[in-house]
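Read off the chains here:
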Amino acid sequence: MARRNLRRMLSRLALAVGVWVSIIGLTASIASATPSPVPPPGNDRSGVSRYFSGPQGFAIPTVPCDPAGPSATDGIMADQLDPQLHAKMAGYLDAYKMSCARMVVQAVKDRGLNQRAAAIAIATIIVESSMNNYAQAVDYTSLGLFQQQEWWGSREERLNPAHATNTFLDHMEQQYPNGSWNNEEVGEVCWHIQQPREDLRGLYALQADDATIIANALWSGMSNKTKHPYASGRVVSGRSADGRLESFAAGADGVYHAWQTEVNGGWSAWRFEGGPRNAQLAVAVNADGRLELFALSDSTLDHMWQTGPSAGWSGWANFGTGGYRLAAGNNADGRIEVFASNSTGVFHRWQTAPSGGWDQWKGVAGAPTNARLAMENAPDGRLEVFALSDSTFGHLWQTEVNGDWSAWDKFGDGGHDVAVSYNQDGRLEVFASNSRGVFHRWQTSPSAWSEWTGTDGIVNAELTTSRSVDGRVEVFAINADAAGHAWQTSPNAPYSAWENFGGGGTEIGASNNADGRIELFGTSHAGVYHRWQTGFATWSEWVHLNDAGPAIN
């Protein structure tokens with residue numbers, strides 16, 4: 001019996017050596033980067049080999065994290081994020097690794113956990129696998145992004161990023177019940193779940209900051225059930241279902257239309273679409289992905305819509321009578337809701353079903369007259385409306401998700417223009433301009449607001465906001481003399497001082513490319529210009545949007 005057991009042990013050892021030799025033989029055709037030396041596999045969880053791999057990882061076969069492979073957006077986002085990293089992955093983030101991080105973050109989001117949970121998972125895969133989905137064992141039986149051993153699941157399960165992430169999160173919630181992992185350092189949570197040797201404990205903490213940057217960027221760029229409103233004005237832009245931006249500008253003779261010819265790419269020439277003259281515009285997205293455009297002049301309110309997701313556009317149809325300003329957004333269930341102001345107050349109209357027909361116009365008593373309008377979604381999906389006239393500032397909100405509306409609440413005094421955005425944690429942020437500059441007010445909780453605070457921005461400015469890939473609110477202002485730009489110094493944080501952002505104009509609008517980069521639109525009597533982020537903190541110069549487009553005075 002002893003001899004038979006000894007023969008079995010020797011046979012297993014020979015098989016292990018043979019498998020390892022075959023793995024080594026594969027490496028020459030696998031990695032283009034110079035690999036770190038690959039030590040022999042350990043026999044237990046105390047092995048150190050995988051923890052000290054270089055940022056490029058081991059020369060061991062990997063499998064795709066996304067079955068469709070890395071996307072073009074993965075590559076663009078990797079290029080944007082890489083210069084911001086300071087630890088292990090600095091200089092090594094690429095489209096493949098970004099696709100792996102994306103799948104992990106999506107699994108966290110689908111589970112209903114927050115960005116901190118995503119950062120914990122990303123820090124873990126940076127340490128364990130340099131963000132590589134390893135298809136052959138690095139240490140004992142460990143596979144995949146998290147280097148999970150065979151008792152964590154089958155081979156297929158451990159190589160499936162969604163399953164592997166959820167298994168990791170199962171252990172996290174078991175060890176940290178009732179969300180207590182939110183109160184622990186990121187690195188400590190990783191270490192307690194993975195349970196390597198004590199002397200390896202600090203490795204996860206070293207990656208926490210970079211993991212947070214990656215997780216926040218992916219979180220902001222991913223689709224959410226809440227479709228946050230696009231800003232309204234003389235120039236507006238929304239994103240088609242395929243990711244391309246479509247922009248509209250209101251000229252003296254009607255509405256003009258330009259669109260990206262490829263995702264995150266260049267633009268078509270302007271095309272004249274007719275419709276109301278000198279209009280105020282708003283764009284919203286139907287539940288089925290079709291964009292819908294609303295155009296309000298002093299005599300009519302018309303709309304047109306995509307005939308299919310990312311498809312061509314219908315002709316114009318009447319939507320109401322004339323007015324002053326408008327805004328459009330989405331209920332939590334996807335139904336579009338449109339608000340418009342005129343000399344008698346504020347009115348609204350809404351879809352009776354997602355992507356469906358419309359109810360009749362209904363007035364909202366007590367509203368400011370001839371008000372500039374802005375809309376945003378609260379964290380729970382309820383719509384909130386802000387109405388600024390020359391003399392007063394009103395605030396209206398849904399009392400429940402998809403439900404009825406409150407009475408108007410006095411929100412401040414009158415001013416020139418209003419814009420609204422939301423923080424990374426969901427709290428709303430409102431900006432207003434007047435003859436003394438730009439002011440802002442923000443939610444301190446879901447039902448409480450700060451006082452108004454001055455920001456020293458340019459006077460009597462047209463305003464718009466957008467959000468960077470990492471979730472920071474950025475604010476843009478323009479008047480006849482100059483354009484200005486201010487931004488949060490980090491998510492949910494205070495703002496920078498205003499910087500000069502170019503010459504004067506008549507209107508400003510913003511949207512986000514599919515990869516998250518902000519695209520800014522400015523108008524003047526010479527046409528439509530745009531400027532776009534080339535990275536998180538770098539911008540192109542102002543140039544005409546392909547051709548000059550319509551003059552907007």
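Coordinates for the structure precede this section.
Residues numbered from 1 in each chain as written. Predicted model: local features only at pLDDT ≥ 70, side-chain atom pairs only at ≥ 80, totals over all residues. Heavy atoms only, no water.

### Topic: unusual backbone geometry
Stated precisely, the cut-off is as follows: Only DSSP runs of H or I with at least four residues qualify as helices, and only runs of E with at least two residues qualify as strands; both kinds are numbered from the N terminus onward.
Located in the positive-phi region is Tyr140, a residue other than glycine, with phi close to 65 degrees. Take Tyr140: it is sitting in the loop between helix H4 (115–129) and helix H5 (155–158).

### Describing the pattern of salt bridges
Applied cut-off: One speaks of a salt bridge when a side-chain nitrogen belonging to Lys or Arg is within 4 Å of a carboxyl oxygen belonging to Asp or Glu. For every residue, the accessible area (1.4 Å probe, protein chains only) is compared with the maximum for its type, and the residue is labelled buried under 20%, exposed over 50%, or partly exposed between those bounds.
According to the stated counting rule, one finds 18 salt bridges in the structure shown. In this structure, the salt-bridge partner of Arg102 is Asp66, at a minimum N-O distance of 3.0 Å. Of this pair, Arg102 sits in helix H3 (residues 95–111) while Asp66 sits in the loop between helix H1 (2–26) and helix H2 (72–81), and the two are 36 residues apart along the sequence. Each of the two residues, Arg102 as well as Asp66, counts as buried. For the salt bridge of Arg201 with Glu198, the shortest nitrogen-to-oxygen distance reads 3.2 Å. A single salt-bridge network, built from bridges that share partners, covers Asp66, Asp74 and Arg102.

### Quick look at the state of the cysteines
Put simply, the test is: Disulfides are defined in this document as cysteine sulfur pairs within 2.5 Å.
Scanning the model with the defined rule gives one disulfide in all. The disulfide partner of Cys65 is Cys100, and the gap between their sulfur atoms is 2.1 Å. Linking Cys65 and Cys100, the disulfide has an S-S dihedral of approximately 85 degrees and is accordingly described as right-handed. Taken together, the residues Cys65 in the loop between H1 and H2 and Cys100 in helix H3 connect sequence positions 35 residues apart. On the basis of relative accessibility, which here comes to 0%, the residue Cys100 falls in the buried class.

### Observations concerning the environment of Ser240
What counts here: Only heavy atoms matter for contacts: two residues are in contact if any of them lie within 4.5 Å across the pair.
Note on placement: Ser240 falls in the loop between strand E1 (235–239) and strand E2 (245–251). Taking the C-alpha atoms as reference points, Ser240 and Gln306, separated by 66 residues in sequence, lie 9.2 Å from one another. Setting aside chain neighbours within four positions, we find Ser240 in contact with Glu246, Leu291, Gln306 and Ser310.

### Brief notes about the side chain of Ser314
Relative to the helices and strands, Ser314 is located in the loop between strand E7 (300–305) and strand E8 (317–321). The residues touching Ser314, leaving out its near neighbours within four places in the chain, are Met304, Trp305 and Thr307.

### With respect to the packing of aromatic side chains
Formally: Aromatic pairing here means that ring centres of Phe, Tyr or Trp (its six-membered ring) are within 6.5 Å. Orientation follows from the plane angle: under 30 degrees is stacked, over 60 is edge-to-face, and everything else is tilted. By definition, being over a ring means that NZ of Lys or CZ of Arg is both within 6 Å of the ring centre and within 35 degrees of the ring normal.
Under the defined criterion, the tally for this structure stands at 21 aromatic pairs. Seen in terms of ring centroids, Phe393 and Phe411 are 5.2 Å apart; in terms of plane orientation they differ by 75 degrees. Their pairing is edge-to-face. With Phe393 in strand E15 (residues 392–397) and Phe411 in strand E16 (residues 409–413), this residue pair connects regions lying 18 residues apart in the sequence. For the pair formed by Phe393 and Phe411, the shared burial category is buried. Members of the aromatic cluster, each reached through a chain of ring pairs, are Phe386, Phe393, Phe411, Trp449 and Trp452. Positioned above the aromatic ring of Trp191 is the side chain of Arg201, whose terminal nitrogen or guanidinium carbon lies 4.0 Å from the ring centre. Above the ring of Phe319, the side-chain terminus of Arg349 is found at 4.4 Å from the ring centroid.

### Structural notes on the nonpolar core
Where we set the bar: Buried Ala, Val, Leu, Ile, Met, Phe, Trp, Tyr and Cys residues that are joined via side-chain atoms within 4.5 Å together make up what is termed a nonpolar core.
Ranked by internal contacts, the top residues of the largest apolar core, which has 51 residues, are Ile122, Met172 and Ile214. Listed by contribution, the elements that provide at least two residues to this core are H2, H3, H4, helix H6 (161–175), helix H7 (186–194), helix H8 (203–206) and helix H9 (208–221). Counting residues per element, this core draws most heavily on H4, at 10 residues. For Met172, the residues in contact, after removing those within four places along its chain, are Leu113, Ala117, Ile120, Trp181, Val189 and Ile193. Core analysis: the second largest hydrophobic core is formed by 14 residues, Val346, Leu383, Val385 and Leu396 among them.

### A short note on the sheet that holds E1
The condition is simple: Whether two strands pair comes down to DSSP finding at least two bridges between them. Simply put, an axis is a line fit to the C-alpha atoms, just over the touching stretch for a helix, and the angle between two N-to-C directions goes from 0 to 180 degrees.
As summarised here, the arrangement of the four strands in space is E1-E2-E3-E4, forming an open sheet in which the pairing is antiparallel. Two strands in the sheet have a free side with no partner beyond their single neighbour: E1 and strand E4 (271–274). Across this sheet, the average inter-strand angle for adjacent strands is 25 degrees, counted without regard to direction. Two strands pair when backbone bridges link them, and strand E3 (residues 254–259) and E4 are joined in this way by three bridges, in the antiparallel orientation. In the strand pairing of E4, His257 is matched with Arg271.

Bear in mind that shape data such as this cannot, by itself, settle questions of function.
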